[in-house]
Amino acid sequence: MKKIYVAIMVMVMALGLLAQAQDDVAYTQYWTVPNYYNAAAIGSTDFIRLRGGMRMQWVGIDNAPKSFLITADSPFKLLGKRLGAGLVMQQESIGLYKNMNFTAQVAYGFKFLKGRLTIGLQAGLADQTFKGSEVVLPDDVGGDGGTTSRDGVGGSGSSSTDEAIPTTDVHGTSLDASVGVFYTHKWFWAGISATHINQPTISLGTDQASEQSYEAKVKRAFYFMAGSNIPLKNTLFELQPSVLVCNSNGFTQADITMRVMYNKFLSGGIAYRTSDAISLMLGAEIKNFFVGYAYDYALSAINKASSGSHEFFVGYNLKLNLGDKNKNKHKSIRIM
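A. Summary view of the side chain of Arg49. Relative to the helices and strands, Arg49 is located in strand β1 (residues 47-59). A distance of 3.5 Å separates a polar side-chain atom of Arg49 from the backbone oxygen of Ala41.

B. Spatial organisation of the pattern of salt bridges. Using the criterion set out here, one finds 9 salt bridges in the structure. Notably, a salt bridge pairs Asp46 with Arg82, separated by 2.9 Å at the nearest N-O pair. In this pair, Asp46 is assigned in the loop between α2 (34-37) and β1 and Arg82 in strand β3 (residues 81-94), connecting sequence segments 36 residues apart. Overall, Arg82 belongs to the buried group, its relative accessible area being 11%. Where Arg49 meets Asp73, a salt bridge forms, and the shortest distance between an N and an O atom there is 3.0 Å. Here Arg49, found in strand β1, pairs with Asp73, found in strand β2 (residues 66-78); they are 24 residues apart in sequence, far enough to count as distant.

C. Structural view of the environment of Leu320. Looking at the secondary structure, you find Leu320 in the segment after β19 (308-319). Owing to a relative accessible area of 22%, Leu320 belongs among the partly exposed residues under this scheme. Through-space distance from the C-alpha of Leu320 to that of Ile48 is 7.0 Å; in sequence the pair is 272 residues apart. The residues touching Leu320, leaving out its near neighbours within four places in the chain, are Asp46, Phe47, Ile48, Ser74 and Pro75.

D. Geometry of a nonpolar patch on the surface. Judged by side-chain polarity, Leu232, Leu236, Phe237, Val260, Tyr262, Phe265, Leu266, Ile286 and Phe289 come together as a nonpolar surface patch covering roughly 780 Å² of accessible area. Mapped onto the secondary structure, Leu266 falls in strand β16 (residues 266-273). By relative accessible area, Leu266 is classed as partly exposed at 41%.

E. Broad picture of the environment of Phe47. In this fold, Phe47 is placed in strand β1. Taking C-alpha positions, Phe47 is 9.8 Å from Asn288, a pair spaced 241 residues apart along the chain. Those residues in contact with Phe47, other than ones at most four positions away along the chain, are Asp73, Ser74, Pro75, Asn288, Asn317, Leu318, Lys319 and Leu320.

F. Quick look at the packing of aromatic side chains. Counted by the stated rule, this structure contains 13 aromatic pairs. Here the aromatic rings of Trp31 and Phe290 are separated by 6.2 Å at their centres, their planes lie at 75 degrees, and the arrangement is edge-to-face. Here the residue Trp31 occupies a position in the loop between α1 (2-15) and α2, and Phe290 occupies one in strand β18 (residues 289-298), the gap between them amounting to 259 residues. On the basis of relative accessible area, Trp31 is assigned to the buried category, the value being 3%. Each ring, one from Tyr36 and one from Tyr37, has its centre 4.7 Å from the other, and the planes form 80 degrees; the classification is edge-to-face. Residue classification places Tyr36 among the buried positions, given a relative accessible area of 10%. In this arrangement the basic side chain of Lys319 is found over the ring face of Phe47, its NZ or CZ atom lying 5.1 Å from the centre.

G. Structural view of unusual backbone geometry. The phi dihedral of His196 falls on the positive side, at around 55 degrees, and the residue is not glycine. Tracing the sequence through the fold places His196 in the loop between β9 (188-195) and β10 (201-204). Even without being a glycine, Lys287 presents a positive backbone phi close to 55 degrees. With respect to the helices, strands and loops of the structure, Lys287 is situated in the loop between β17 (277-286) and β18. Judged by its relative accessible area of 82%, Lys287 is exposed.

About the thresholds
- Residues numbered from 1 in each chain as written.
- Predicted model: local features only at pLDDT ≥ 70, side-chain atom pairs only at ≥ 80, totals over all residues.
- Heavy atoms only, no water.
- Helix = DSSP H or I, 4+ residues; strand = E, 2+ residues; numbered from the N terminus.
- Polar contact = N/O pair within 3.5 Å; in protein donor to acceptor, adjacent residues only side chain to side chain.
- Salt bridge = Lys/Arg side-chain N within 4 Å of Asp/Glu carboxyl O.
- Buried < 20%, exposed > 50% of the residue type's maximum accessible area, 1.4 Å probe, protein only.
- Contact = heavy atoms within 4.5 Å.
- Patch = residues over 30% accessible without salt bridge, like charges linked within 9 Å, V, L, I, M, F, W, Y side chains within 5 Å.
- Areas by Shrake-Rupley, 256 points an atom, 1.4 Å probe, with all protein chains shown as cover.
- Phe/Tyr/Trp six-rings, centres within 6.5 Å; stacked < 30°, edge-to-face > 60°.
- Lys NZ or Arg CZ within 6 Å of the ring centre and 35° of its normal.

Pasting the structure below:
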């Protein structure tokens, strides 16, 4: 009962916070890539953890968002201290836009209140491209027309000389930074983080000299994530509730997830993303391999044009020997 009480309290705490950013991808299987949202969620196990996945959003709609993600993290020792290192690489395409992120992470953890508290930092590059060469700006059609493109993405304005929209390919890169705190306990895990803390402004330009300049700003986002692993007595089943809550630019969204694992092998679950979608998940762990799938059904009118969203992840854990005989070993709380 005490374990269940802790899990419920984690849920209540999360619902009291603000949620979800739009400059970051909302992965349904967020629990398998926690360091994408929190730089401190690394080095908490004695494994090198590798994860790769893709998300195809709103299938059936032309040029809908698609994203690809690779994450890795590992513990290591420096001057007798246990640290963590991580890597995140992502690409996302939305119509004529393409975003890429390359970031490195480092974290330091220490014992705290019968658990382990980790503080993490992240730094890297935010890269954006707009395919302006594929934009088609029609002539004025009496104010009822609008900017279109060869890929069907609409825009603003109705003039073939709309200076707000580039008609050549533009590209830019800027430094990006994030911070986080993550706590692991034998009953639960939880973390808070801030991504894009410097709110990088990316200047978009071409290889050719031009007086026209464009800018893209990445908004700061705040996240809270938590979860627990609850073995059901005298069974091979485990309950794994978790939440992801975050806020950016005044927009709030939360993912509330409940998964069930059988015999540490097969898992399934459901999730609800506020004002957005409901999800079904399936997964399997075979030795050190992991594979997971999630299907999202939109709750908005967009479901009339789309058959849903699909998400796939695969992963592998490689055991490390740090020479401390698991000095800081704690009960697995099943962070994938």
